[in-house]
Amino acid sequence: MAKAVVCFDVGGTDIKAGVVSQAGEIITQKKIPTGSERPGKEIITDMANAAQALRDEARGSEIIGVGVGSPGLVGEDTVLLGGCENIPHLNGMRFGDIGDALGLPTKGDNDATVAALGEVSYGAGTGAKAALVITLGTGVGGGIVINGKAYRGATGYAGEFGHTSIDPDGLACNCGSYGCIEQYASANALVRRAKQKLIHALDTSLTPKALEDDKAKAVFDAARAGDALAAEIIEETGMYLGMALSSAANLLNLDVVIVGGGMSKGFDLLKPAIERSLNNYTLKLERKILALKPAKLGNDAGILGCAALFFSEEE
Ligand SMILES: [Zn+2]
């Protein structure tokens, strides 16, 4: 019987659940509404019930464990230590209770770290020795995977790429620092900069309404249609990203950077700008071996990463 893992990708609205095989195939899946204001125990009970149901549905597989990716800091013994702001009552809960109910071991980690592991194990980063996976969405996230294992750092929150500062006198970040890349290269930052530039722009197809309705997509759409202001905003974003990525690449001797998140839909437009910036700021020997790729797995990276917690990390 092929080995498989019951996987949970915990989000503020839904919890994505599924059974994933060692080969990275999603055998069965379902969504559980998170109910983010509910008591944490209720959420854990729902997950345990779903785990039971999923195991029954995947009878043809040998289930070897339960994997969980969650916002926040998952510590020893799969306890969610804190930092899960969207689902406050989940803080302090133990994901291991889900596996215990089925007599299975449970492994858990931060959702961005787990998604990075998924992308490297089953997606765009297969074969990479040192990978950084960044997520460009409303914020900027990151996960580091070294030799097939998630790199957690000393106390579990390695990979905070979004708070790499590129300017000491730069924009204030909600982390308390200044010039964090999240304030320049997230979808929110892109829209904010576009709105500022629109005030003085004379000749552009971008409008405040389009930015309000379509957010960062409005900028990418306009750039695709040949709008010079939109192209300039994307060029700047790529330049800032390249600066921050160069620091990471020089430090970690990365062989690949994988770009995921909502903004990766515009990867083809961002890529040349990031590459030019990498050429300027990355050490030569490092630049030679560094590849820049779009993420492949989309929303499945999380649950595939939960399986990789068992399959990649123990080989
Ligand atoms: Zn910051």
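Scoring rules and cut-offs
- Residues numbered from 1 in each chain as written.
- Predicted model: local features only at pLDDT ≥ 70, side-chain atom pairs only at ≥ 80, totals over all residues.
- Heavy atoms only, no water.
- Helix = DSSP H or I, 4+ residues; strand = E, 2+ residues; numbered from the N terminus.
- Expected span 1.5 Å × (residues − 1).
- Buried < 20%, exposed > 50% of the residue type's maximum accessible area, 1.4 Å probe, protein only.
- Arc of directions from axis to C-beta.
- Contact = heavy atoms within 4.5 Å.
- Donors = N, O, S within 2.8 Å, 3.2 Å for Na, K, Ca; no water.
- Tetrahedral: all angles 85-135°; square planar, octahedral: opposite > 155°, others 65-115°.
- Polar contact = N/O pair within 3.5 Å; in protein donor to acceptor, adjacent residues only side chain to side chain.
- Core = buried A, V, L, I, M, F, W, Y, C linked by side-chain atoms within 4.5 Å.
- Pairing = 2+ DSSP bridges.
- Axes fitted to C-alpha atoms, helices over the stretch in contact; angles between N-to-C directions.
- Disulfide = S-S within 2.5 Å.

For the rest of this paragraph, the subject is helix 1 (residues 40-57). Its 18 residues give helix 1 an end-to-end C-alpha distance of 26 Å, which sits within 8% of 26 Å, the value for a rise of 1.5 Å per residue. Burial in helix 1 covers these residues: Gly40, Ile43, Ile44, Met47, Ala48, Ala50, Ala51 and Leu54. What you see down the axis of helix 1 is that its buried residues fit within an arc of 165°, all on one side. Packing partners of the buried residues in helix 1 comprise strand 1 (2-10), strand 2 (14-21), strand 3 (26-33), strand 4 (61-70) and helix 2 (96-102).

Before going further, it helps to examine the coordination of the zinc ion. In the first shell of the zinc ion, the protein supplies His163 (ND1), Cys173 (SG), Cys175 (SG) and Cys180 (SG), at 2.0 to 2.3 Å from the metal. Each of the 4 donor atoms around the zinc ion contributes to a set of angles spanning 106 to 117°, which defines the coordination as tetrahedral. One chain supplies every donor for the zinc ion, spaced along it as H-x9-C-x1-C-x4-C. Taking relative accessible area as the criterion, Cys175 reaches 43% and is therefore assigned partly exposed.

Before going further, it helps to spend a moment on the environment of Glu182. Here Glu182 shows up in helix 4 (residues 182-185). For Glu182 and Gly139, which are 43 residues apart along the polypeptide, the C-alpha to C-alpha distance reads 5.8 Å. Those residues in contact with Glu182 that lie beyond four places of it in its chain are Gly139, Val140, Gly162, His163, Asn174 and Ala189. Here the side chain of Glu182 touches Val140 through a polar contact of 2.9 Å, landing on its backbone nitrogen.

What follows covers the nonpolar core. Nonpolar side chains in soluble globular proteins tend to end up buried together. Core analysis: the biggest nonpolar cluster contains 44 residues, and Leu132, Phe161, Ile181 and Leu206 have the highest contact counts within it. Those elements that provide at least two residues to this core are strand 8 (130-136), strand 9 (140-146), helix 4, helix 5 (187-200), helix 7 (216-224), helix 8 (228-252), strand 11 (256-260) and helix 9 (267-281). It is helix 8 that provides the largest number of residues to this core, a total of 10 residues. Counting 29 residues, the second largest nonpolar core, distinct from the first, contains Ala4, Ile15, Ala17 and Leu90.

Buried residues dominate strand 7 (residues 106-110), accounting for 4 of its 5 residues. Bridge count between strand 4 and strand 7: 5 bridges; the pairing is parallel. Within strand 7, the position partnered with Val68 by the bridge is Gly108.

What holds strands together in a sheet is hydrogen bonding between their backbones, with the strands either parallel or antiparallel. An order of 10-9-8-11-12 is seen for the 5 strands of this open sheet, with the pairing classed as mixed. Each of the sheet's edge strands pairs with one partner strand only, and the pair in question is strand 10 (149-150) and strand 12 (291-294). Bridge analysis of strand 8 against strand 9 gives 7 bridges, and the strand direction is antiparallel. Each bridged residue has a counterpart across the sheet, and for Val133 the counterpart in strand 9 is Gly143. Of the strands in this sheet, strand 8, strand 9, strand 10 and strand 11 touch helix 3 (residues 111-122), which is tilted by about 55° from strand 9. The sheet strands contacting helix 9 are strand 8, strand 11 and strand 12, and the helix crosses strand 12 at an angle near 165°.

With that out of the way, let us pick up the sheet that holds strand 3. The strand order across the open sheet built from 5 strands is 3-2-1-4-7, with neighbouring strands paired in mixed fashion. Edge positions in the sheet fall to strand 3 and strand 7, since each has one partner strand and no second. If you compare each strand with its neighbour and ignore which way they point, the axes differ by 20° on average. For strand 2 and strand 3, the ladder comprises 7 bridges, and the chain directions are antiparallel. Bridge pairing in strand 3 links Ile15 to Ile32.

In this section: the state of the cysteines. Per the counting criterion, the structure on display carries 0 disulfides. Left unpaired, Cys7 is separated from the closest cysteine sulfur, that of Cys306, by 4.9 Å. According to the relative accessible area criterion, Cys7 is buried, its value standing at 0%.

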